[in-house]
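# Observations on chain architecture
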Amino acid sequence: SQQGEEDPQALSIQEGENATMNCSYKTSINNLQWYRQNSGRGLVHLILIRSNEREKHSGRLRVTLDTSKKSSSLLITASRAADTASYFCATVTSGTYKYIFGTGTRLKVLA
Amino acid sequence: DGGITQSPKYLFRKEGQNVTLSCEQNLNHDAMYWYRQDPGQGLRLIYYSQIVNDFQKGDIAEGYSVSREKKESFPLTVTSAQKNPTAFYLCASSTSKGRTGGEKLFFGSGTQLSVL
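Rules of the game
Starting afresh in each chain, residues are numbered from 1 along the sequence in its written order. Starting at A for chains and at 1 for ligands, labels are handed out in the order in which the entities are written. Local features in this predicted model are restricted to residues whose pLDDT is 70 or higher, and side-chain atom pairs enter the listing and the counts only when it is 80 or higher, whereas totals over whole chains, interfaces and linings include all residues. To get the side-chain values, all heavy atoms of the structure are used, and hydrogens and water are removed first. Should DSSP find at least two bridges between two strands, the strands are regarded as paired. Secondary structure is summarised from DSSP: a helix means a run of H or I of at least four residues, a strand means a run of E of at least two, and numbering begins at the N terminus for each. Angles shown run from 0 to 180 degrees and are taken between the N-to-C directions of axes, each axis being a line fitted to C-alpha atoms and, for helices, limited to the stretch in contact. Two residues form a contact once any of their heavy atoms are found within 4.5 Å. Note: buried area is the sum, over both parts, of the accessible area (probe 1.4 Å) each one loses when the two are combined. Here a salt bridge means any side-chain nitrogen of Lys or Arg lying within 4 Å of a carboxyl oxygen belonging to Asp or Glu. Side-chain atoms alone can form a polar contact between residues adjacent in sequence; in general such a contact is a pair of N or O atoms within 3.5 Å, and within protein one must be able to donate a hydrogen while the other accepts it. Put simply, a disulfide is two cysteine sulfurs that come within 2.5 Å. Note on exposure labels: buried denotes an accessible area under 20% of the residue type's maximum, exposed denotes more than 50%, and partly exposed covers the range between, all computed with a 1.4 Å probe on protein chains only.

Take the sheet that holds strand 3 (residues 19-25) of chain B next. All names here are of chain B. Read from one edge to the other, the open sheet built from four strands follows the order 1-3-8-7, with strand pairing classed as antiparallel. At either end of the open sheet lies a strand with only one pairing partner, and these are strand 1 (4-7) and strand 7 (64-66). For this sheet, the mean angle separating the axes of adjacent strands, direction not counted, is 20°. Here three bridges tie strand 7 to strand 8 (residues 76-78), and the two strands are oriented antiparallel to one another. Bridged to Tyr64 within strand 8 is Val78.

Laid out in structure tokens, this is it:
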């Protein structure tokens, strides 16, 4: 079963605005990752945050992790039309090799 | 160029037919994975392999089979027992056998399977 659930399912914003999407998971983790998928393509890794980190930045991306709430958020600042894609969080349940993906947030950035 | 290659990009299956999706990587990765993605949905794990000649079932393995005879290759067969095979299939690989989720996955560009 899916471990992660993203919220919202879909998000539409204007270029230049910030986009925030959330991910919840069910079991204890060591790391959480975020991926991006352009329509009809494979996923591309964006950023990884470890369980002992609360916040991480990479360019226009900011990821937070709250292990007490089993949730993470991805913020994309100053969004561009090229950011239009689906975004997924992924985790591995501690002690397994299985990467489990959430249901994804479909982001549409309007020019 | 290093990467992970899936073929074909589009595949059509007739009723009662088995079809095989190819996945090849030249990244020297130990681990390989197969995921199924339905329209507007997330990814569901079909099978994964951490080492040659070994693989484990994921969450939706019924109607699918795999082999891992070579490190570079992890083909997926969609059998006639899979009654609803229409989906986008993604293959991925990663560097390590570690259980911490600290290794990023590299994905192929996917195969769209449709039923005739």
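That covers the picture; the talk isn't over yet.
With that settled, the discussion passes to the interface of chain A and chain B. At the junction of the two partners, chain A supplies 27 residues and chain B supplies 27 residues. Across the interface of chain A and chain B, roughly 2,200 Å² is buried in total on both sides, 51% from carbon and sulfur atoms. Three residues stand out in chain A for area buried against chain B, namely Tyr97, Lys98 and Tyr99 of chain A, and they jointly supply 32% of the buried area on that side. Among the ionic pairs, Asp59 of chain B bridges to Lys98 of chain A, the shortest N-O distance being 3.2 Å. Between the two partners, chain A and chain B, sit six residue pairs in polar contact (both at pLDDT 80 or more). Listing elements by their share of the side of chain A that touches chain B, those giving two or more residues are strand 4 (29-37), strand 5 (43-50), strand 9 (85-93) and strand 10 (99-101) of chain A. Take the side of chain A that touches chain B: its biggest share by element is five residues, from strand 4 of chain A.

Glancing now at the pattern of salt bridges. Across all of its chains, the model carries seven salt bridges over all chains by this definition. Two residues, Arg44 of chain B and Asp38 of chain B, come together in a salt bridge whose shortest N-O distance is 2.8 Å. Connected via shared salt-bridge partners are Arg36, Arg60 and Asp83 of chain A.

Time to look at the pairing of strand 6 (residues 54-57) of chain B. Residue and element names in this part refer to chain B. In this structure, strand 5 (residues 43-51) lies alongside strand 6, joined through three bridges in antiparallel fashion. Each bridged residue has a counterpart across the sheet, and for Tyr47 the counterpart in strand 6 is Lys57. Count of turn residues in the strand 5/strand 6 antiparallel hairpin: two residues, of which Asn53 carries a positive phi of about 65°.

Our next topic: the state of the cysteines. Each disulfide consists of a covalent bond between the sulfur atoms of two cysteine residues. Tallied over the entire structure, the rule returns two disulfides over all chains. Note that Cys23 of chain A is cross-linked by a disulfide to Cys89 of chain A, the S-S spacing being 2.0 Å. Around the S-S axis, the bridge from Cys23 of chain A to Cys89 of chain A shows a dihedral of about 70° and counts as right-handed. Placement of the pair is Cys23 of chain A in strand 3 (residues 19-24) and Cys89 of chain A in strand 9, with a sequence separation of 66 residues. Considered together, Cys23 of chain A and Cys89 of chain A belong to a single accessibility category, that of buried residues. Disulfide pairing is shown between Cys23 of chain B and Cys91 of chain B; the S-S distance is 1.9 Å. Its S-S torsion of approximately -75° makes the covalent link between Cys23 of chain B and Cys91 of chain B left-handed. With a gap of 68 residues between them, Cys23 of chain B in strand 3 and Cys91 of chain B in strand 9 (residues 87-94) connect regions that are remote in the sequence. Each of the two residues, Cys23 of chain B as well as Cys91 of chain B, counts as buried.

Residues and elements named next belong to chain B. Its place among the elements puts Pro85 in the loop between strand 8 and strand 9. Residue classification places Pro85 among the buried positions, given a relative accessible area of 1%. Along the chain, Pro85 and Leu43 lie 42 residues apart, while their C-alpha atoms are 14 Å from each other. Not counting the four nearest positions on each side in its chain, Pro85 is found in contact with Arg13, Arg36, Val78, Leu113 and Val115.

Moving on: the sheet that holds strand 8 (residues 71-76) of chain A. All names here are of chain A. Taken together, five strands build an open sheet; the order of strands is 1-3-8-7-6 and the sheet is antiparallel. In this open sheet, the two edge strands, each paired with only one partner strand, are strand 1 (5-7) and strand 6 (55-58). Direction aside, neighbouring strands of the sheet carry axes that sit 20° apart on average. Where strand 1 and strand 3 come together, three bridges link them in antiparallel fashion. Across the sheet, Asp7 pairs through a bridge with Asn22, a residue of strand 3.

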